[in-house]
Amino acid sequence: MKTLLVDLSRCNGCYNCQIVCKDEHCENDWSPYALPQPQTGQFWCRVDQEERGRVPVVRVAYTPKFCGMCDDAPCLAVAKDGAVYRREDGIVVIDPEKAKGQRELVDACPQGMIFWNAELDVAQKCTGCAHLLDNGWSEPRCVDACATDALRLVDEDDPEFTDLLASAAASEELGGLGSHVRYLNVPKRWIAGTVADRTKNEVVIGAQVTILNAEGKQVATLETDDFGDFKYDFCDKAVYTVLIEAEGYGSTELTADCTQKDVVFDDIFADRFDS
């Protein structure tokens, strides 16, 4: 069984994978694997770009998305007359002839990675480049074109990849479905801010910043740098308390809600005892 490992720490948003997928499948009839992909409207391999945080702490994250080739594939469950099938290597294929007219396949995918080709009256998706794998290739075009080794097609039975597979996770949309596209180094939420002294119009260097979880347990302690900045990159999607303390200043307590997005505080003004 094959799994596509995606290392998000290596993806720099070059879009090579997305481009070569179009190159391989647009205007090319690879029956019985797939009919031609339209030039527009479909991305069987798609790189999602997300701008995270806000000024002055901003980061762009890239996430390549593919059909998960899931063990419990919803498209396989709703398909009629064998329109969707699983190969021995784990690739889930939509039969381009049997699937004609079965638009319900599009709605079955929790990730939105099945598309409707109105001209050909058929649902379409990533084939794992099965037509290439069956003719001497060891990996699909997207993996072959990845310049940073962010994409790797691995054999789940290969002990070399046991630890990596154990640390990888499926996308949130495909959780529990047995996806064979798994992600490494998924970035967590962050909390960032700048501590300043309003009375002196300068930053506070070396302030202690303590991050507490909802149960009041300390999860991190850090200090503001020479610019008065702090940043903690390892937050779960949860609510935290941020306690800021510095010699000569009163303590400041803030709430950081990381459930929906990263938290970047406006300048945090510490109050001096003598002010």
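Presented here is an overview of the structure given in this document. (Residues numbered from 1 in each chain as written. Predicted model: local features only at pLDDT ≥ 70, side-chain atom pairs only at ≥ 80, totals over all residues. Heavy atoms only, no water.)

## Here we look at the overall build of the protein chain
A count of helices and strands for the protein chain gives six helices and 18 strands. Whereas a compact globule of 275 residues would reach a radius of gyration of roughly 19 Å, the protein chain reaches 24 Å, over 25% beyond that. Considering only C-alpha atoms, the protein chain reaches an extent of 80 × 40 × 35 Å along its principal axes. In the protein chain, once contacts between residues fewer than 6 apart in sequence are set aside, the share between residues at least 24 apart is 56%. As presented, the protein chain carries roughly 14300 Å² of accessible surface, and 47% of it is formed by carbon and sulfur atoms. When the 27 basic and 49 acidic side-chain charges of the protein chain are each reduced to a single mean position, those positions are 3 Å apart. (Helix = DSSP H or I, 4+ residues; strand = E, 2+ residues; numbered from the N terminus. Rg over C-alpha atoms; globule rule 2.2 N^0.38 Å. Contact = heavy atoms within 4.5 Å. Areas by Shrake-Rupley, 256 points an atom, 1.4 Å probe, with all protein chains shown as cover. Lys, Arg positive; Asp, Glu negative; His and termini not counted. Charge placed at Lys NZ, Arg CZ, Asp CG, Glu CD.)

## Considering the pairing of strand S15 (residues 239–245)
In terms of strand pairing, strand S12 (residues 208–212) meets S15 through five bridges, oriented antiparallel. In the sheet register, Thr-210 faces S15, and the bridge partner there is Leu-243. Relative to strand S16 (residues 252–257), S15 runs antiparallel, the two sharing six bridges. From the neighbouring strand, Tyr-240 faces S16, where its bridge partner is Ala-256. Where S15 folds back on S16, the antiparallel hairpin that results is connected by six residues, among which Gly-248 adopts a positive phi of roughly 90 degrees. (Pairing = 2+ DSSP bridges.)

## With respect to the environment of Thr-194
By the element assignment, Thr-194 lies in strand S10 (residues 189–197). A relative accessible area of 16% places Thr-194 in the buried class. Taking the C-alpha atoms as reference points, Thr-194 and Thr-224, separated by 30 residues in sequence, lie 7.6 Å from one another. Apart from residues no more than four positions distant in its own chain, Thr-194 is found in contact with Val-203, Phe-227, Gly-228, Asp-229, Phe-230, Asp-266, Asp-267 and Ile-268. A distance of 2.5 Å separates the side chain of Thr-194 from the side chain of Asp-229, its partner in a polar contact. (Buried < 20%, exposed > 50% of the residue type's maximum accessible area, 1.4 Å probe, protein only. Polar contact = N/O pair within 3.5 Å; in protein donor to acceptor, adjacent residues only side chain to side chain.)

## Comments concerning the state of the cysteines
Per the counting criterion, the structure on display carries zero disulfides. In this model Cys-26 remains outside any disulfide bridge; the closest cysteine sulfur is found in Cys-21, 7.7 Å from its own. The exposure class of Cys-26 is buried, given its relative accessible area of 8%. (Disulfide = S-S within 2.5 Å.)

## Quick notes on the environment of Ile-114
Here Ile-114 shows up in the loop between helix H3 (104–108) and strand S6 (115–117). With a relative accessible area of 4%, Ile-114 lands in the buried category. Each C-alpha atom, one on Ile-114 and one on Trp-30, is 17 Å from the other, the two residues being 84 residues apart in sequence. Once you skip the residues sitting within four places of it in the chain, Ile-114 turns out to touch Cys-75, Ile-94, Leu-105, Val-106, Cys-109, Ala-123, Gln-124 and Lys-125.

## What to know about the nonpolar core
By size, the foremost hydrophobic cluster in this structure holds 47 residues, and its most contacted members are Val-6, Phe-66, Cys-75, Leu-105 and Leu-151. Every element with two or more residues in this core is listed here: strand S1 (2–7), helix H1 (16–25), strand S5 (92–94), H3, S6, strand S7 (122–124), helix H5 (141–145) and strand S9 (181–184). When neighbours within four sequence positions are excluded, Val-6 is seen to be in contact with Pro-64, Phe-66, Ala-150, Leu-151, Val-181, Arg-182, Tyr-183 and Leu-184. Ranked by size, the runner-up nonpolar core spans 22 residues in total, among them Val-209, Phe-230, Tyr-240 and Ala-256. (Core = buried A, V, L, I, M, F, W, Y, C linked by side-chain atoms within 4.5 Å.)

## Looking at the side chain of Thr-127
Along the chain, Thr-127 falls in the loop between S7 and helix H4 (130–133). According to the relative accessible area criterion, Thr-127 is buried, its value standing at 4%. When near neighbours in sequence (up to four residues on either side) are disregarded, Thr-127 contacts His-25, Tyr-33, Ala-34, Trp-44, Met-69 and Ile-91.

## What about the sheet that holds strand S13 (residues 218–223)?
Here we have four strands laid out as an open sheet, ordered S13-S12-S15-S16, and antiparallel in their pairing. Taken across any chain shown, the strands that pair with only one partner, and hence form the sheet edges, are S13 and S16. Each neighbouring strand pair of the sheet contributes to a mean axis angle of 20 degrees, computed without reference to strand direction. Where S12 and S13 come together, five bridges link them in antiparallel fashion. Within S13, the position partnered with Ile-211 by the bridge is Ala-220. (Axes fitted to C-alpha atoms, helices over the stretch in contact; angles between N-to-C directions.)

## Things to note about the sheet that holds strand S8 (residues 151–155)
A sheet is described by the order of its strands in space; here three strands give the open sequence S8-S1-S9, paired in mixed fashion. Edge strands, defined here as strands with exactly one partner in the open sheet, are S8 and S9. Pairs of neighbouring strands in the sheet enclose a mean axial angle of 30 degrees, with direction left out of account. For S1 and S8, the ladder comprises five bridges, and the chain directions are antiparallel.

Interpretation in functional terms is not warranted from these geometric data alone.
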